[in-house]
Amino acid sequence: MQHKLKVREKLCKTALSKTAVSSYDFTINPYTGCEHSCSYCYANFMRRFSGHLQDAWGTFVDVKVNLLDVLSRELPKRTGGVIWLSSVCDPYQPLERKYRLTRGAIELILGYRKFSLSILTKNALVLRDLDLLKRMNHRVDVGFTITTFNGNAQLFFEPHSSPVQERIAALGRLSGEGIDTWVFVAPMLPLVTEQGLEQGLRQLSEVHVKRLLTDRYNARGMIIKQTLQAYEKWRPGLNLEEVWRLLWNGDDYYRQLDRKIARAWKALDHSAAHEAVF
């Protein structure tokens, strides 16, 4: 699917930000906005703080062109810890091919053993940087977000991310090179996440993924509107009122789906880890 993208080059004041997410100490977001255009993305709120309130999520990206200069000054001053790449953008969205900010950040972090790195992406472009990841040895892990294992559904809910089969293949390549890999099944979307679920989990097990995290849909006004539009395009005639109810108030639904995922995952490999983060 082709789409029109507004790209702006901007200067940033900070590169390494503290995060309240318990698993991490810092986060780096080389870009504001994300070309993947996921209809459910919680980072939609960034439109309010970046001068893009009138722009739809997925139609703009601000590139922090001085990020590496700023990061090179910040890294020596920090005490160390786990860095998350990234919290409100995808560090390997398509523009990374041109700007190489994520690659540059990893190169800088390599020089500081006090830092480890956790990457979360939906794009197989991460394989471009396999040479750097291997040099980081046990100081890096790579996670892929997978919301659905159904390639057709993916086109409507996350149209510009890597096809799910490419993500699974990338996980296999990374695991084969000794990189710690994991998968974030999030957000769990009614009807969508269930598509091809058991076969998809089997594929993850076959490429030696050992850790699975799950999370529910984060319902907010603007986001839920975008998500319902994706549902309507995916399956015209679907009962959107019922979908809305599950997205907004489906606590029991999410718990049941999470238990289903956990049982299927453990059946494939009793040593594999599963954690619900909601």
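Residues numbered from 1 in each chain as written. Predicted model: local features only at pLDDT ≥ 70, side-chain atom pairs only at ≥ 80, totals over all residues. Heavy atoms only, no water.

Thoughts on the pattern of salt bridges
Thought 1: What the rule picks out here adds up to 12 salt bridges.
Thought 2: With its nearest N and O atoms 2.8 Å apart, the salt bridge here joins D131 to R103. With D131 in helix α4 (residues 130–136) and R103 in helix α3 (residues 101–110), the pair connects residues that are 28 residues apart, well separated along the chain.
Thought 3: According to the relative accessible area criterion, D131 is partly exposed, its value standing at 38%.
Thought 4: When its relative accessible area of 13% is taken as the criterion, R103 is described as buried. (Salt bridge = Lys/Arg side-chain N within 4 Å of Asp/Glu carboxyl O. Helix = DSSP H or I, 4+ residues; strand = E, 2+ residues; numbered from the N terminus. Buried < 20%, exposed > 50% of the residue type's maximum accessible area, 1.4 Å probe, protein only.)

Concerning the pairing of strand β10 (residues 211–216)
Moving residue by residue along a regular strand, the side chains alternate between the two faces of the sheet.
Thought 1: Here strand β9 (residues 180–188) pairs with β10 via four bridges, running parallel. Pairing of V185 across the sheet is with T214, part of β10.
Thought 2: Read from β9 through helix α7 (residues 197–206) to β10, the crossover connection turns out right-handed.
Thought 3: Taken together, the four bridges between β10 and strand β11 (residues 273–276) define a ladder with parallel strand orientation. The partner of L213 across the bridge, within β11, is E275. (Pairing = 2+ DSSP bridges. Right-handed = clockwise from strand over helix to strand, strands pointing away.)

Examining the sheet that holds strand β7 (residues 115–121)
Thought 1: Strand order in the open sheet formed by eight strands is β2-β3-β6-β7-β8-β9-β10-β11, and the pairing between neighbours is mixed. One side of each edge strand has no neighbouring strand; the edge strands of this open sheet are β2 (17–18) and β11.
Thought 2: Sheet topology places β7 next to strand β8 (residues 140–145); five bridges connect them, and they run parallel. Directly across from S118, in β8, lies its bridge partner D141.
Thought 3: Where α3 meets the sheet, its contacts fall on β6 (81–85) and β7, and the angle it forms with β7 comes to roughly 160°.
Thought 4: Across the sheet, helix α6 (residues 164–176) touches β8 and β9, and the angle it forms with β8 is around 165°. (Contact = heavy atoms within 4.5 Å. Axes fitted to C-alpha atoms, helices over the stretch in contact; angles between N-to-C directions.)

Things to note about unusual backbone geometry
Thought 1: Omega for the peptide link from L85 to S86 comes to 5°, which places this bond in the cis form.
Thought 2: Backbone torsion omega between A186 and P187 reads -15°, so that peptide bond is classified as cis.
Thought 3: Locating P187 in the fold gives a position in strand β9.
Thought 4: Within the chain, S37 stands out as a residue other than glycine whose phi angle is a positive 60°.
Thought 5: Tracing the chain through its elements places S37 in the loop between β4 (31–32) and β5 (60–64).
Thought 6: The backbone of R100 sits at a positive phi, close to 55°, despite the residue not being glycine.

A closer look at helix α1 (residues 67–74)
Thought 1: Taken together, the buried positions of α1 are L67, V70, L71 and E74. Within α1, the buried residues cover an arc of 100° as seen down the axis, which keeps them to one side.
Thought 2: Packing partners of the buried residues in α1 comprise β5 and α3. (Arc of directions from axis to C-beta.)

Points about the packing of α1 against α3
Thought 1: Following both chains from N to C, one finds α1 and α3 inclined at 20°, their axes separated by 10 Å at the closest point. Of the possible angle classes, the one that applies to α1 and α3 is roughly parallel. The crossing of α1 and α3 is right-handed. Touching L67, L68, L71 and S72 of α1 are L101, G104, A105 and L108, all from α3.
Thought 2: Its residues assigned to classes, the contact of α1 with α3 shows six nonpolar, two polar and no charged. (Parallel < 35°, antiparallel > 145°, perpendicular 65-115°, else oblique. Left-handed = near helix turned anticlockwise from the far one by under 90°. Nonpolar A, V, L, I, M, F, W, Y, C, P; charged D, E, K, R; others polar.)

Take it as geometry only, folks, not as evidence of what the structure does.
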